[in-house]
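Fold and geometry: a report
The primary structure of each chain is shown beneath.
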Amino acid sequence: MAPQDDKTTPPPLPEPLRVPVADSHTHLDMLPQPTLGGAPTATVEEALAKAASVGVTTVVQVGCDLAGSRWAADTAAAYDSVHAAVALHPNEAPRIVLGDPDGWSRQGAREPGGDAALDAALAEIDKLAARPEVRGVGETGLDYFRTGPEGMAAQQRSFRAHIEIAKRHGKALVIHDREAHEDVLRILREEGAPERVVFHCYSGDAEMAAICAEAGYFLSFAGNVTFKNAQPLRDALAVAPPELVLVETDAPFLTPVPYRGRANAPYLIPLTLRAMAEVKGMTEDALASAVAANTARAFDY
């Protein structure tokens, strides 16, 4: 097997950035854990050290359910270079309310808990959001990719609750938006957006980017901006104001070219940032400086 076809080998360290930046959205708890004699060898320390060695000196660790959100908050409390965001992922809300009898979520069986279970879970997110190391409420939002009408209702109820939590605690709102652009923007208008809103793994077109920019929302771009079929994303990035642009991995997902298909990690941010600088017609250092300042402003650190 040729080395470039080996999807299990971590990509090599990229050339370090000269200007340090933050990975605005990562899932360190989901990174592959290679085992040697049964003991995990990949640790949070190693992931952070590897990232820092190439100029990625800060990460925002994002929760997708109660366990992941608790882990994010605790990890941010333990490491100065980690900030947390806590939430129920859009696909978690219908799983809590309706259960998962037919495996639609691909995350294992779940008994339906109804609206009361969702309220209880949201109360727990509310408590976590009060912690000082938690800088964002997310990833929340809407994901219509595999969701029927009942699931959409649960997602929208959860999204509205997360918006309220973010506003009450003065935290950034981190949005997951998949095939739901119009409803996401409509609900933000109806509820009144928090002061700081981040569209994680921005997936809209240039027209939507202009609408978001007008509202002052941050647009965070991930490794998929480097994919061959992602011209609409590059068009959106081209029109996004430099003062509203963030970079993220969404690790372990969306690994940038030429390592698409392997596990992503915060240390690969330089590959995405360099591709973004090319699209924006900016120098690497200029975009890195902007991204670093924008992420600190978005997450208030």
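Our structure is the block above this text.
Figured I'd write up the structure that's included with this text. From a predicted model like this one, the values you see are computed outputs, not experimental measurements.

**Description of the overall build of the protein chain**
Across its full length, the protein chain holds 10 helices and 10 strands. Here the protein chain has a C-alpha radius of gyration of 18 Å; the compact-globule value for 301 residues is 19 Å, and the two agree. Counting only C-alpha atoms and orienting by the principal axes, one finds that the protein chain spans roughly 55 × 50 × 35 Å. Counting every position in the protein chain, which comprises 301 residues, the buried fraction comes to 52%. In the protein chain, the share of contacts with a sequence separation of at least 24, taken over all contacts with a separation of at least 6, comes to 71%. Total accessible area on the protein chain stands at roughly 12,900 Å², and carbon and sulfur atoms take up 55% of it.

**Some details on the environment of Pro 32**
Its location among the elements puts Pro 32 in the loop between strand 1 (21-26) and strand 2 (35-36). For the pair Pro 32 and Lys 127, spaced 95 residues apart in sequence, the C-alpha to C-alpha distance is 29 Å.

**Let's talk about the sheet that holds strand 8 (residues 197-199)**
Across the sheet, 8 strands lie side by side as 1-4-5-6-7-8-9-10; this open sheet has parallel pairing. The two strands at the open ends of the sheet, each matched to only one other strand, are strand 1 and strand 10 (245-247). Averaged over neighbouring strand pairs, the angle between their axes works out to 30° when direction is ignored. In this structure, strand 9 (residues 218-221) lies alongside strand 10, joined through 3 bridges in parallel fashion. Considered in strand 10, the bridge of Ser 220 is made with Leu 246. Relative to strand 6 (residues 134-143), helix 5 (residues 149-169) is tilted by about 160°, and along the sheet it contacts strand 6 and strand 7 (172-178).

**Focus: the pattern of salt bridges**
As enumerated under the stated definition, the model contains 14 salt bridges in all. Across the salt bridge formed by Asp 285 and Arg 18, the nearest N and O atoms sit 3.1 Å from each other. Of this pair, Asp 285 sits in helix 10 (residues 284-299) while Arg 18 is found in the segment before strand 1, placing the two residues 267 residues apart along the sequence. Salt-bridge contacts for Arg 160 lead to Glu 191; the nearest nitrogen and oxygen are separated by 2.7 Å. You can see Arg 160 sitting in helix 5 and its partner Glu 191 sitting in helix 6 (residues 181-191), a full 31 residues away along the chain. The network of salt bridges with shared partners includes Arg 160, Asp 183, Arg 186, Glu 190 and Glu 191.

**A closer look at the packing of aromatic side chains**
In this structure the tally under the stated criterion is 2 aromatic pairs. Ring centres of Tyr 202 and Phe 221 lie 5.6 Å apart, and the angle between their planes is 55°; this geometry places the pair in the tilted category. Residue Tyr 202 is located in the loop between strand 8 and helix 7 (206-215), and its partner Phe 221 is located in strand 9; the two are separated by 19 residues in the primary sequence. As far as the burial class goes, Tyr 202 and Phe 221 line up, both buried. The positively charged end of Arg 178 is found above the aromatic ring belonging to Phe 145, 3.7 Å away from the centroid. Sitting over the face of the ring of Phe 227, Arg 260 holds its NZ or CZ atom 3.7 Å from the ring centroid.

**Here's the deal with helix 9 (residues 269-280)**
Taking 1.5 Å per residue, 12 residues should reach 16 Å; helix 9 reaches 16 Å between its end C-alpha atoms and fits that length. Within the span of helix 9, buried status applies to Ile 269, Pro 270, Thr 272, Leu 273, Met 276, Ala 277 and Lys 280. For helix 9, the arc enclosing every buried residue in end-on projection is 160°, short of the 170-degree limit, so these residues lie on one face. Of the surrounding secondary structure, the elements contacted by the buried residues of helix 9 are strand 1, strand 4 (56-62), strand 9, helix 8 (231-239), strand 10 and helix 10. One or two positions beyond helix 9, positive phi appears at Gly 281, with a value near 65°.

**Here we look at helix 6**
Since there are 3.6 residues in each turn of an α-helix, residues three or four apart along the chain are aligned in direction. Where helix 6 is concerned, the buried positions are Val 184, Leu 185, Ile 187 and Leu 188. Relative to the axis of helix 6, the buried residues are bounded by an arc of 160° and lie together on one face. Exposed positions of helix 6 whose direction lies more than 90 degrees from the buried face are Glu 182 and Arg 189. The inward-facing, buried residues of helix 6 contact strand 6, helix 5, strand 7, strand 8 and helix 7. Positive phi appears at Gly 192, one or two residues downstream of helix 6, with a value of about 85°.

Cut-offs used in this document
- Residues numbered from 1 in each chain as written.
- Predicted model: local features only at pLDDT ≥ 70, side-chain atom pairs only at ≥ 80, totals over all residues.
- Heavy atoms only, no water.
- Helix = DSSP H or I, 4+ residues; strand = E, 2+ residues; numbered from the N terminus.
- Rg over C-alpha atoms; globule rule 2.2 N^0.38 Å.
- Buried < 20%, exposed > 50% of the residue type's maximum accessible area, 1.4 Å probe, protein only.
- Contact = heavy atoms within 4.5 Å.
- Areas by Shrake-Rupley, 256 points an atom, 1.4 Å probe, with all protein chains shown as cover.
- Pairing = 2+ DSSP bridges.
- Axes fitted to C-alpha atoms, helices over the stretch in contact; angles between N-to-C directions.
- Salt bridge = Lys/Arg side-chain N within 4 Å of Asp/Glu carboxyl O.
- Phe/Tyr/Trp six-rings, centres within 6.5 Å; stacked < 30°, edge-to-face > 60°.
- Lys NZ or Arg CZ within 6 Å of the ring centre and 35° of its normal.
- Expected span 1.5 Å × (residues − 1).
- Arc of directions from axis to C-beta.

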